[in-house]
Amino acid sequence: MPDAHSWADIDLQALQHNLGRAREFAPGKRVCAVIKANAYGHGVHAIAEALLPVLNDGDCVAVATLNEALALRQTLEHLQSKTPVLVLRGPLDITELEALVQGGFHWVMHSKYQAELLKGWLDAHSAAKKPILNIWLKINTGMNRLGLRVDDLQPIWSWLQSLDAPGERVLMSHFATADEHDHALAKTQQQTFAQITDNLSGARTRSLSASAGIVCWPDAHHSIVRPGIMLYGASPMVDAEAAKYGLKPVMSLKSRLLTINQVKAGDTVGYGATYHCKEDMPVGVIGIGYGDGYPRHAPSGTPVLIYAQGKVWEAPLAGRVSMDMLTVDLRGIPASPGDEVLLWGQSWGSELPADRIARHAGTIAYELFCQVTSRVKFIYR
Ligand SMILES: Cc1ncc(COP(=O)(O)O)c(C=O)c1O
């Protein structure tokens, strides 16, 4: 088979290193590694397999939906792993609830509606063997997305505590603004979560922090931390690059130069004729576009790295990204067709952080990773 025109090198050692960084930021805490959305676009099966050797007893992995959990369970069974799987969205109806409970999954209960579903299901199955209930009760502390209101929490918590069913019960919440240093809402959420959970009776296993909380809010680490984006080597904080936190990029998205055009002064490049050549100049055409997941909104000026004649060169995008190609300004760069290009990640001893590309494109690295399409060949190392 011919070489792919665009591919993603996935560095599994970097992934393991990044999990180690999470542990260094939150020493002694249990880890729930977040691998939803196909492990943020990195390929959930390979990512799960690479994480298993660096997970400890008491750690788990999290996905968003039941379908993700069922697929991941197959991988874990194949690997003979009993690592618990947490389903962050919890059940939407009785069928999903039954699948979660009978599958032995951990799941988030974030609404009164789900508590009612569980009550109904337990009533209907009262004669059966005691079910194992691994429930993470989610509290709304200010995100106003998923989570129980404080008034609803107390009775549901007491009821869960009173159930004669083995399994883990965790109290959790999620930050809205932990990625901004010193944000007032994050401080309020942290205090609210501590106060509310301190006032609940019984043993309290607590979980509040995702990646940003892990690197920046040590008082919010509690019992279990839930790293996502930091595992993949992008920055959890809006105003800092990942290297600041000792994180290494896991995905390196690459392609090749297809051709080089000598374009005349006054001519334009690409769809919409948005890029105007001020002088005669070489324009390189690279074999990757939004059909591969490169962001169409990346404007002219967004950098790529090109490896040409044994050196690394930075070239800016020139003109709109199209479905299968993008064009770059090659002035001063001795490149030739076939040369390798790095769109984000690291290669040849140089790094082009996905966060930097995301900023140019007006998005976040999370979205860049998730949008890489199946046309890109994934190579795991
Ligand atoms: C509930 C929950 N915990 C943890 C995470 C991981 O977040 P991050 O990728 O910012 O570390 C997410 C991601 O959206 C989440 O929804």
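Basis of the calculations
Numbering of residues starts from 1 in each chain and follows the order in which that chain's sequence is written. Predicted model: local features are reported for residues with pLDDT of at least 70 only, side-chain atom pairs are reported and counted for 80 or more only, and whole-chain, interface and lining totals are derived from all residues. Domain start and stop positions are those given by an automatic or database domain assignment. Contacts are defined on C-beta atoms placed from the backbone: any two residues whose C-beta positions lie within 7 Å are in contact. A helix here means a DSSP run of H or I that spans at least four residues, while a strand means a run of E at least two residues long, and both kinds are numbered starting from the N terminus. Gly is placed with the polar residues, together with every amino acid not listed as nonpolar (Ala, Val, Leu, Ile, Met, Phe, Trp, Tyr, Cys and Pro) or charged (Asp, Glu, Lys and Arg). Linking buried Ala, Val, Leu, Ile, Met, Phe, Trp, Tyr and Cys residues through C-beta atoms within 7 Å yields a set, and such a set is a nonpolar core. Between the buried cut of 20 or more and the exposed cut of 12 or fewer other C-beta atoms within 10 Å of a residue's own C-beta lies the partly exposed class, and all C-beta atoms are placed from the backbone. For each residue, a C-beta atom is placed from the backbone, and the residue counts as near a molecule or strand when that atom lies within 6 Å of it. Strand pairing requires that DSSP identify at least two bridges connecting the strands. Angles run from 0 to 180 degrees between N-to-C directions of axes, and those axes are lines fitted to C-alpha atoms, restricted for helices to the stretch in contact. Multiplying one less than the number of residues by 1.5 Å gives the expected span of a helix. In this description, the arc belongs to the directions extending from the helix axis to the C-beta atoms. Here the angle decides the label: under 35 degrees means roughly parallel, over 145 means roughly antiparallel, 65 to 115 means roughly perpendicular, and every other value means oblique. Note on handedness: a clockwise path from strand one over the helix to strand two, with the strands aimed away from the viewer, defines a right-handed crossover.

Time to look at the domain arrangement of the protein chain. The domain boundaries assigned to the protein chain delineate domain 1 (12-235) and domain 2 (251-380). Measuring from the centre of the C-alpha atoms in domain 1 to the corresponding centre in domain 2 gives 38 Å. At the interface, 11 residues of domain 1 touch 11 residues of domain 2. Looking at the side of domain 1 that touches domain 2, the element that brings in the most residues is helix H2 (residues 36-41), giving three residues. A class-by-class count of the residues in the side of domain 1 that touches domain 2 yields seven nonpolar, four polar and no charged.

Let us look at the nonpolar core. The biggest cluster of nonpolar side chains holds 113 residues, and the ones touching the most others in it are Ile35, Val87, Leu137 and Val304. Counting contributing residues per domain, this core is built from domain 1 (12-235) and domain 2 (251-380), each supplying no fewer than three. Residue contacts for Leu137: discarding those within four places in its chain leaves Met109, Leu148, Ile156, Trp157, Leu160, Arg169, Leu171 and Met172.

What follows is about the site of the ligand. Val34, Leu88, His174, Ala210, Ser211, Ala212, Arg226, Pro227, Gly228, Ile229, Met230 and Pro236 make up every residue found near the ligand. Of the residues contributing to the shell around the ligand, the split by class is eight nonpolar, three polar and one charged.

One open sheet accounts for eight strands, arranged S8-S7-S6-S5-S4-S3-S2-S9; its pairing is parallel. In this open sheet, the two edge strands, each paired with only one partner strand, are strand S8 (205-207) and strand S9 (224-225). In this structure, strand S6 (residues 134-138) lies alongside strand S7 (residues 169-172), joined through four bridges in parallel fashion. When the sheet's bridge partners are listed, Leu137 is paired in S7 with Leu171. Packing against the sheet, helix H4 (residues 66-78) makes contact with strand S3 (60-63) and strand S4 (85-87), and its axis sits at approximately 170° to S4.

With that out of the way, let us pick up the environment of Ser252. When you line up the elements, Ser252 lands in strand S10 (residues 251-263). Taking the C-beta count within 10 Å as the criterion, Ser252 has 23 such neighbours and is therefore assigned buried. Between the C-alpha atoms of Ser252 and Glu168, which are 84 residues apart in sequence, the distance is 38 Å. With residues up to four places along the chain from it excluded, the contact list for Ser252 reads Ala8, Asp9, Leu342, Gly345, Gln346 and Ser347.

Under the 1.5 Å per step criterion, the end-to-end length of helix H8 (residues 184-198) is 21 Å for 15 residues, consistent within 8% with the ideal 21 Å. Of the residues making up H8, those classed as buried are Ala186, Gln189, Gln190, Phe193 and Thr197. All buried residues of H8 project into a common sector of 100° when viewed along the axis, lining one side. In H8, the exposed residues that point more than 90 degrees away from the buried face are Ala184, Gln195 and Asp198. In this fold, the buried residues of H8 make contact with S7 and S8.

Further remarks concern unusual backbone geometry. For Gln80, which is not glycine, the phi dihedral falls at a positive 55°. Residue placement: Gln80 occurs in the loop between H4 and S4. Residue Gln80 is classed as exposed on the basis of its C-beta count, with 7 C-beta atoms lying within 10 Å. The residue Ala273 is not glycine, and still its phi comes out positive at about 50°. Its location among the elements puts Ala273 in the loop between strand S11 (268-269) and strand S12 (275-276). The exposed category is assigned to Ala273, around which 11 C-beta atoms lie within 10 Å.

The next subject is the environment of Tyr290. Mapped onto the elements, Tyr290 comes out in the loop between strand S13 (281-286) and strand S14 (303-308). In sequence terms Tyr290 and Thr373 are 83 residues apart; their C-alpha atoms lie 8.8 Å from each other. Contact partners of Tyr290, with chain neighbours within four places excluded, come to Pro295, Arg296, Val321 and Met323.

For the pair helix H5 (residues 94-102) and helix H6 (residues 112-124), interaxial distance at closest approach is 10 Å and the crossing angle is 70°. Judged on the interaxial angle alone, H6 and H5 are roughly perpendicular. Contacts between H5 and H6 pair Ile94, Leu97 and Glu98 from the former with Leu117, Leu118, Gly120 and Trp121 from the latter. Tallied by class, residues from the contact of H5 with H6 come to five nonpolar, one polar and one charged.

Before going further, it helps to spend a moment on the pairing of S7. Within a regular beta strand, the side chains point alternately toward one face of the sheet and then the other, so they alternate between its two faces. Handedness of the crossover joining S6 and S7 through helix H7 (residues 150-162): right-handed. Note: S7 against S8, three bridges, orientation parallel. Across the sheet, the residue bridging to Leu171 is Arg206, located in S8. What joins S7 to S8 is H8, and the crossover it makes is right-handed.

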